[in-house]
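An overview of the molecular structure
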Amino acid sequence: MKPMGAAPELDDSSQEWYYLDSTGQEFGPFSSDTMREWWAQGFFPIGEDLLVRLPTWKQHVALRDIYRDMSDAFRTPPGSTRTGGGGGGGGGGG
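An account of the accompanying structure is given in this report. The shown structure was predicted, so the numbers you read here are calculated from the model rather than taken from an experiment.

Rules used in this analysis
- Residues numbered from 1 in each chain as written.
- Predicted model: local features only at pLDDT ≥ 70, side-chain atom pairs only at ≥ 80, totals over all residues.
- Heavy atoms only, no water.
- Pairing = 2+ DSSP bridges.
- Helix = DSSP H or I, 4+ residues; strand = E, 2+ residues; numbered from the N terminus.
- Phe/Tyr/Trp six-rings, centres within 6.5 Å; stacked < 30°, edge-to-face > 60°.
- Buried < 20%, exposed > 50% of the residue type's maximum accessible area, 1.4 Å probe, protein only.
- Lys NZ or Arg CZ within 6 Å of the ring centre and 35° of its normal.
- Core = buried A, V, L, I, M, F, W, Y, C linked by side-chain atoms within 4.5 Å.

What follows covers the sheet that holds strand β2 (residues 26–31). What the four strands build is an open sheet, ordered β2-β1-β3-β4; its pairing is antiparallel. Looking at the sheet topology across the chains shown, the edges are occupied by β2 and β4 (61–62). Looking at chain direction, strand β1 (residues 16–20) and β2 are connected through four bridges and run antiparallel. Pairing of E16 across the sheet is with S31, part of β2.

Below is the structure:
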């Protein structure tokens with residue numbers, strides 16, 4: 001059992017990402033490498049407002065909420081701003 005609050009050691013290239021397009025359709029999973037390539041090529045015109053999630057996340061989160069520096073997007077493990085890392089509660093209904 002992993003201790004609560006401990007960040008797992010992740011090889012970010014093996015992470016699988018899901019994203020929502022402008023119509024709310026979910027696509028994925030895609031590897032970090034693929035997402036990073038698409039990001040660099042401007043595949044996501046919505047930019048840092050792109051809603052993404054990892055398989056263990058219940059909700060999609062805007063890319064800007066998990067990466068302070070967009071040049072790190074899909075290169076490094078995401079920050080734990082709203083990824084369910086503990087504490088806080090949430091304003092989302094459901």
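Within this structure, the stated rule accounts for ten aromatic pairs. Ring geometry for F30 versus W38: centroids 4.7 Å apart, planes at 65°, classification edge-to-face. Among the residues examined, F30 registers a relative accessible area of 24% and is labelled partly exposed. An aromatic cluster of three or more residues is present, and its members are Y19, F27, F30, W38, F43 and F44. Lying across the ring of Y18, R53 places its NZ or CZ 4.2 Å from the centre.

What follows deals with the nonpolar core. The biggest cluster of nonpolar side chains holds 15 residues, and the ones touching the most others in it are W17, M35, V52, L63, I66 and F74. Elements that contribute at least two residues to this core include exactly β1 and α2 (63–66).

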